[in-house]
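Report on the structure
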Amino acid sequence: MTISYNWLCEYLPEVIAPEELAVILTSLGLEVENFEQAEEVKGGLKGLVIGEVLETEKHPNADKLRVTRVNTGGEQPLQIVCGAPNVAAGQKVLVAPVGAIVYPVKGDPIAIKTATIRGVESQGMICAEDEVGLGNSHDGILILRRDARTGTAAAEYFQLQSDWIYEIGLTPNRMDAMSHLGVARDVCAYLNVHRKGNHSVKYPYTSDFRKDRRGKNIEVILENRDACERYSGVRIDNVSIKESPEWLKQRIRSVGLRPINNIVDITNFILHETGQPLHAFDADQVKRDTIIIRTLPEGTLFTTLDEKERKLHADDLMICNGEGEPMCFGGVFGGLHSSVTDTTKSIFLESAWFNPVSIRKTSFRHNLRTDAAARFEKGTDISNTVTVLKRAALLIKQLAAGEITSDIIDVYPFPKEKKRITLNWQYLKKLSGKVYLPDTVKKILVSSGFEILSEEPEQIHILAPYSKPDIELPADIVEEIMRIDGYDNVAIPNQITISPSVETIGFQLALREKTAHFLAANGFHEIFTNSITNSAYFDDVTLQTSVKMLNSLSAGLNILRPSMLETGLECVVYNLNRKNNDLRLFEFGKTYHATGVGQYEEKEKLCLYITGLTRNASWKSKESKSDFYYLKGIVESILKQAGLSNYQMQKTGVDHLQYGLQAIANKDPLMTFGLAAASATKRFDIKQPVWYAELEWENICHYALRQKQVYHEIPRFPAVQRDLAIVVDKDLPYATVEKTVKKAGLKKLQSVALFDVFESDKLGNGKKSLAISFTFLDKEKTLTDKETDEMMLKIMQLFEQELPAEIRK
């Protein structure tokens, strides 16, 4: 939020230096994220003065140049060569003498130096308005009023103001500080606590509001009392729509807005002054002189101020005329046909309180993120609608020559009561870590707008102001007290006591950290992608169980991801487009699925994305491309790190993989991995293969937690290794070979490893040879050849019977 220093100072009881004010605001929880000086005109016209042209004569060497003598209040007039066609003796002009710097509307700043122009010395420049940033005209020099005093500084003559602009990072619960008066209220509370005296806000409200004459009455009918609890308004006739005075335009510009006309500028001014949004209707467009606050049928068409036709939702709160025609999205955005134009003569000024939930839904539903909606959706002061309305009406009367022709219309069927909160002194000490004196607490609360109902030895009863709708609990009161007193004033205790708690997910976090370190050590980089993605990536079957966003930020971010492949491929293609072709990425994340009406589930995943080379060529080794077996080795190592070995591999037919495998334990999937489907990579215009693995992290943690960590001493007896070559069908997967070996039930068999695959016509049509290494170990003694031969014989018999396989001799 933007706050103007000059504007804020109008409501403060004393002047505070800009730098000191920035420190105060930050200590109040209104963090100043940016703080810079703003000039109405760039450069502030520093060094420029008002001069009088004493005489002019034709340049001896140029037809279009004039040699002038200009009095700038110095000892001697300045000789200045000027090319403007309108320069003449007797004029009061704006002069940039030697040493001054001018900031033109276009181009870089220019330092004025003594120059020789066609043989004649020039000691400065007579300025046009675009040359110094005062306007866009370059038709000639800027001619000033005759009463301008020669030698006066230009900044003084034009009454330029320098301001300081604060960019404040507001937390969502600080709707009370979304205005200059709200910030001033906080600053005064700070001054009351940290400085002597009674400091109060200089409110701009007056009590001289009255009706000028009787005019047409506007009737207000409040049909939807849930979405609009209070609606106030007043009619003002004979208004003159024109340009705003300079002071008002300065205020509007200081908060980053563009002045439009006096009526619109007043409503914007009031919004940033008080935090209460207003809306002005052309009263002649309010048919039957009636305002109806209601919802309209689904699909009703409505043309907004931006000339777009929108279809209404059945829950959109609309401000309608007497014939039921919509004129405005209540609290969000106005309509085209009821807006104030240059020909408007009568206006109806609205000041209301709208339900924050209703406003936010309408605002996001129609993508209308306005300043008014931003305030209503956080909650405004329901008690202040009439006070602010009177303030705005008097400004319109003053600046637009309007006549107030109706009494204040105020429909408030069920007045809200202030929230009553009881604060226990012991609770305040426990939560804040500081002992506060009761008088200090009462001073802070009263300065912040709270009312003290009663006080007891152990507690105090408080009424929260309407301007702070977020205050509901004693903890909120403690926060207000600590914020005004200053968080830095809470001493650090010498001893900190904590209550021990049971860590329920410690193992999962440790395993995740261990896995991340393993992957990083193997050249992987961790990525974090957006869990909100584009529904266009997925087919209709997937979308049937996807979680759709009701208020999506954009058309390309409209569902929670049902798969992590697509968001990962976005990262892959981003790197490939920047010539980073060799990638090994991993991400811990979630996928989201709808399991029923209003029921959803989240699944923890670990996903790997590999493409390009896994090793670059060097003098010692050749380059190595990523492939299925590299990916398989990585994911099997992850399971091994988790202590999992009792699982089965099988082929998978998932749509997002061109081919791959799946690991299963007790019918629970542990992971799927393989080559990403061409349809997926083609969608992102990826032309090189991408290897993808999706690990079911919750299942892996579940089984890893059940594994016992057992210590084994290093074997004292040597292992025995035997090799065996078998001829099998070419299509037989090696996993089947391993399953067959396990059927032998050999407890002394430590490991089985495939070390060679050979294919040749000599083996027979459709055959291949597998060379397998077996390692045997007896922990109690050294194995004999006879024992080893018996175990090998059993394995060979199983191969011949189960596969079937031919043993190569």
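Refer to the structure presented above.
Residues numbered from 1 in each chain as written. Predicted model: local features only at pLDDT ≥ 70, side-chain atom pairs only at ≥ 80, totals over all residues. Heavy atoms only, no water.

**Quick word on the overall build of the protein chain**
For the protein chain, the helix and strand inventory stands at 20 helices and 44 strands. Dimensions along the principal axes, computed over C-alpha positions, put the protein chain at roughly 125 × 85 × 65 Å. Burial statistics for the protein chain: of 809 residues in total, 47% are counted as buried. Counting only contacts in the protein chain whose residues sit at least 6 apart along the sequence, the fraction spanning at least 24 positions is 69%. Per element, the accessible surface of the protein chain, about 42600 Å² overall, is 49% carbon and sulfur. When the 98 positive and 107 negative side-chain charges of the protein chain are each reduced to one mean point, those points stand 3 Å apart. (Helix = DSSP H or I, 4+ residues; strand = E, 2+ residues; numbered from the N terminus. Buried < 20%, exposed > 50% of the residue type's maximum accessible area, 1.4 Å probe, protein only. Contact = heavy atoms within 4.5 Å. Areas by Shrake-Rupley, 256 points an atom, 1.4 Å probe, with all protein chains shown as cover. Lys, Arg positive; Asp, Glu negative; His and termini not counted. Charge placed at Lys NZ, Arg CZ, Asp CG, Glu CD.)

**Quick notes on the nonpolar core**
Grouped together as the largest cluster of nonpolar side chains are 72 residues, with contacts concentrated most on Leu25, Tyr166, Val187, Ile396, Ile477 and Ile481. When sequence neighbours within four positions are dropped, the list of residues in contact with Tyr166 reads Met1, Thr2, Ile3, Tyr5, Pro18, Leu21, Ala22, Leu25, Val32, Asn34 and Phe35. Ranked by size, the runner-up nonpolar core spans 35 residues in total, among them Phe518, Tyr647, Trp691 and Tyr703. (Core = buried A, V, L, I, M, F, W, Y, C linked by side-chain atoms within 4.5 Å.)

**Digging into the sheet that holds strand E37 (residues 648-651)**
Strand order in this open sheet of 7 strands is E29-E33-E34-E40-E39-E38-E37, and the pairing throughout is mixed. Edge positions in the sheet fall to strand E29 (525-526) and E37, since each has one partner strand and no second. Of the pairings in the sheet, the one linking strand E38 (residues 657-665) to strand E39 (residues 668-676) comprises 8 bridges and is antiparallel in character. Note that in E39 the partner of Leu661 across the bridge is Phe673. Taken strand by strand, helix H13 (residues 506-521) contacts E29, strand E33 (583-596) and strand E34 (599-611), and its axis lies near 140 degrees from that of E33. Set on the sheet, helix H15 (residues 565-576) makes contact with E33, E34, E39 and strand E40 (690-696); between it and E33 the angle comes to about 150 degrees. (Pairing = 2+ DSSP bridges. Axes fitted to C-alpha atoms, helices over the stretch in contact; angles between N-to-C directions.)

**Concerning the pairing of strand E26 (residues 420-424)**
The alternating pattern of E26 places Ile421 and Leu423 on a buried face and Arg420, Thr422 and Asn424 on a face that is not buried. In this structure, E26 lies alongside strand E28 (residues 459-463), joined through 5 bridges in antiparallel fashion. Bridge pairing in E28 links Leu423 to Ile460.

**Describing the layout of surface pockets**
Here the largest pocket defines a volume of roughly 1900 Å³. What lines the largest pocket is a set of 41 residues, and nearest its centre among them are Lys632, Glu636, Tyr734, Ala735 and Glu738. Mapped onto the lining of the largest pocket, the elements with two or more residues apiece are helix H16 (628-641), E37, E38, helix H19 (734-743), strand E42 (749-758) and strand E43 (767-776). Residues that form the lining of the largest pocket fall into these classes: 18 nonpolar, 12 polar and 11 charged. When its volume is computed, the second largest pocket comes out at roughly 760 Å³. Taken together, 29 residues form the lining of the second largest pocket, with Val264, Thr267, Asn268, His279 and Leu305 sitting closest to its centre. Of all elements in the fold, only helix H6 (262-274), strand E16 (278-282), strand E21 (326-329), strand E22 (333-334) and helix H8 (371-376) reach the threshold of two or more residues within the lining of the second largest pocket. Per-element tally for the lining of the second largest pocket: the top contributor is H6, with 5 residues. Looking at the lining of the second largest pocket residue by residue, the classes come out as 16 nonpolar, 9 polar and 4 charged. (1 Å grid on protein atoms, 1.4 Å probe; cavity = no way out; pocket = protein on both sides within 12 Å on 5 of 7 lines; lining within 4 Å. Points joined across faces, edges and corners; volume = space filled by probe spheres on them. Nonpolar A, V, L, I, M, F, W, Y, C, P; charged D, E, K, R; others polar.)

**Section: the pairing of E43**
E43 sits mainly inside the fold: 9 of its 10 residues count as buried. Sheet topology places strand E41 (residues 720-729) next to E43; 10 bridges connect them, and they run antiparallel. Along E43, the bridge assignment pairs Asp729 with Lys767. Pairing of E42 with E43, which is carried by 8 bridges, proceeds in the antiparallel orientation. Opposite Val757, over in E43, you have Leu770 as the bridge partner.

**Some points on the packing of aromatic side chains**
How two aromatic rings sit relative to each other is set out by the distance from centre to centre and by the angle between their planes. Counted by the stated rule, this structure contains 17 aromatic pairs. Judged by centre distance (4.9 Å) and plane angle (5 degrees), the ring pair of Phe35 and Tyr166 falls under stacked. In this pair, Phe35 sits in strand E2 (residues 31-39) while Tyr166 sits in strand E13 (residues 162-169), placing the two residues 131 residues apart along the sequence. The exposure class of Phe35 is partly exposed, given its relative accessible area of 26%. Relative to Phe376, the ring of Phe354 lies with its centre 5.1 Å away and its plane at 80 degrees, an arrangement referred to as edge-to-face. (Phe/Tyr/Trp six-rings, centres within 6.5 Å; stacked < 30°, edge-to-face > 60°.)

**A closer look at the environment of Lys418**
Counting through the fold element by element, Lys418 comes out in the loop between strand E25 (409-411) and E26. Not counting residues within four places of it along the chain, the set of residues in contact with Lys418 comprises Glu451, Leu463, Ala464 and Tyr466. One polar contact links Lys418 to Glu451, side chain to side chain, over a distance of 2.4 Å. (Polar contact = N/O pair within 3.5 Å; in protein donor to acceptor, adjacent residues only side chain to side chain.)

**With respect to the pattern of salt bridges**
A full pass over the atoms with the stated rule returns 53 salt bridges. Residue Lys416 pairs with Glu229 through a salt bridge whose shortest N-O separation is 4.0 Å. Remark: Glu229 occurs in strand E15 (residues 228-237) and Lys416 occurs in the loop between E25 and E26; sequence separation between them is 187 residues. We note a salt bridge from Asp789 to Arg722, for which the minimum N-O separation is 2.6 Å. Of this pair, Asp789 sits in helix H20 (residues 785-802) while Arg722 sits in strand E41, placing them 67 residues apart in sequence. A single salt-bridge network, built from bridges that share partners, covers Arg174, Asp176, Asp186, Lys468, Glu480 and Arg483. (Salt bridge = Lys/Arg side-chain N within 4 Å of Asp/Glu carboxyl O.)

**Concerning the packing of H13 against H16**
Viewed as axis vectors pointing N to C, H13 and H16 meet at an angle of 145 degrees, and their least axial separation amounts to 10 Å. Handedness of the H13/H16 crossing: right-handed. Here Lys514, Thr515, Phe518 and Leu519 of H13 lie close against H16, whose contacting residues are Ile634, Ser637, Ile638 and Gln641. Of the residues belonging to the contact of H13 with H16, the class tally is 4 nonpolar, 3 polar and 1 charged. (Left-handed = near helix turned anticlockwise from the far one by under 90°.)

**Structural notes on empty space enclosed by the protein**
Counted by the stated rule, this structure contains 1 cavity of 30 Å³ or more. Computed from the structure, the largest cavity encloses a volume of approximately 30 Å³. Around the largest cavity sit Lys42, Leu45, Leu48, Ile101, Val102, Tyr103 and Val132, which together line it. Tallied by class, residues from the lining of the largest cavity come to 6 nonpolar, no polar and 1 charged.

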